[in-house]
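Listed below are the residues making up each chain.
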Amino acid sequence: MKRNIIKREVFDLAHVELDKLEKKRQTSNIFTGRLYCGACGASFGSRVWHSISKYRTIYQCNGKYKGEHKCQTTYVTEEAIKAWFLSAINQLLSNRDEIIANTELLIDMAKDTTPLESRINDLEHHLETIRQDIEDLVDRNARKAQNQNLYQEQYDTLVTAY
Ligand SMILES: [Zn+2]
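Residues numbered from 1 in each chain as written. Predicted model: local features only at pLDDT ≥ 70, side-chain atom pairs only at ≥ 80, totals over all residues. Heavy atoms only, no water.

(A) Structural context of the overall build of the protein. Of regular secondary structure, the protein possesses five helices and three strands. A burial count over the protein gives 19% of its 162 residues as buried. A separation threshold of at least 6 residues defines the contact pool for the protein, and within that pool the share at least 24 residues apart is 39%. Here the protein has roughly 12,800 Å² of accessible surface; of this, 55% comes from carbon and sulfur atoms. (Helix = DSSP H or I, 4+ residues; strand = E, 2+ residues; numbered from the N terminus. Buried < 20%, exposed > 50% of the residue type's maximum accessible area, 1.4 Å probe, protein only. Contact = heavy atoms within 4.5 Å. Areas by Shrake-Rupley, 256 points an atom, 1.4 Å probe, with all protein chains shown as cover.)

In structure tokens:
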């Protein structure tokens, strides 16, 4: 009983993924560029087969018409590929507990902002130090005659650092 419920979830998930792919492509050849021939390594391209009442999409090796050694691999229907896709998703999600546990671990790691907060504190402290240096420099320049080129150079350096 419980097993059936999980399978149903997985089935729905797989369909959600398929729908996403389908929307992204806005065409029926959603597997174009994702399939490679096991015999010759060429990619599979889609073709639409028309008949009187309906059409269907098939995929075939792009090496079929190329070169001296034409690939003999037969075509596959989109329905068959979809079935393979569902089967692959099912296999992947059979370790769903492990996948979820790993994902939660990664989320926890990403949520730990302690090192970033420490870095923010360091940088704020550094900013305050520079700000104080600029204030001291301006103050000194106001009270005492000094080389203005040197002053400007120091001032610019501090402002840039800030
Ligand atoms: Zn081939």
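(B) Structural view of a nonpolar patch on the surface. Together, Leu105, Leu106 and Met109 make up an exposed nonpolar region whose accessible area comes to about 340 Å². You can see Leu105 is positioned in helix 3 (residues 96-111). What makes Leu105 exposed here is its relative accessible area of 52%. (Patch = residues over 30% accessible without salt bridge, like charges linked within 9 Å, V, L, I, M, F, W, Y side chains within 5 Å. Salt bridge = Lys/Arg side-chain N within 4 Å of Asp/Glu carboxyl O.)

(C) Molecular detail of the nonpolar core. With 17 residues, the main nonpolar core has Phe31, Leu35, Phe44, Tyr59 and Ile81 as its most contacted residues. Not counting residues up to four positions away in its chain, the partners in contact with Phe44 are Thr32, Gly33, Leu35, Tyr36, Cys37, Tyr59, Gln60, Cys61, Asn62, Thr73, Thr74 and Val76. Ile130, Ile134, Tyr151 and Leu158 belong to the second-largest nonpolar core, a separate cluster that totals five residues. (Core = buried A, V, L, I, M, F, W, Y, C linked by side-chain atoms within 4.5 Å.)

(D) Layout of the coordination of the zinc ion. Around the zinc ion, the protein contributes the donor atoms Cys37 (SG), Cys40 (SG), Cys61 (SG) and Cys71 (SG), which lie 2.2 to 2.3 Å from the metal centre. Around the zinc ion sit four donor atoms, and with donor-metal-donor angles ranging over 93 to 117° the site reads as tetrahedral. Ordering the donors of the zinc ion by residue number gives the pattern C-x2-C-x20-C-x9-C. Of this pair, Cys61 sits in strand 2 (residues 55-61) while Cys71 sits in the loop between strand 2 and strand 3 (76-77), placing them ten residues apart in sequence. Like Cys61, the residue Cys71 is buried in the burial classification. (Donors = N, O, S within 2.8 Å, 3.2 Å for Na, K, Ca; no water. Tetrahedral: all angles 85-135°; square planar, octahedral: opposite > 155°, others 65-115°.)

(E) Inspection of helix 2 (residues 78-93) at higher detail. Taking 1.5 Å per residue as the helical rise, helix 2 with its 16 residues ought to reach 22 Å, and the 22 Å between its terminal C-alpha atoms agrees with that figure. Buried residues of helix 2: Glu78, Ile81, Leu86, Ile89 and Leu93, and no others. Projection of helix 2 onto a plane perpendicular to its axis shows the buried side chains occupying an angular sector of 145°, all on one side. (Expected span 1.5 Å × (residues − 1). Arc of directions from axis to C-beta.)

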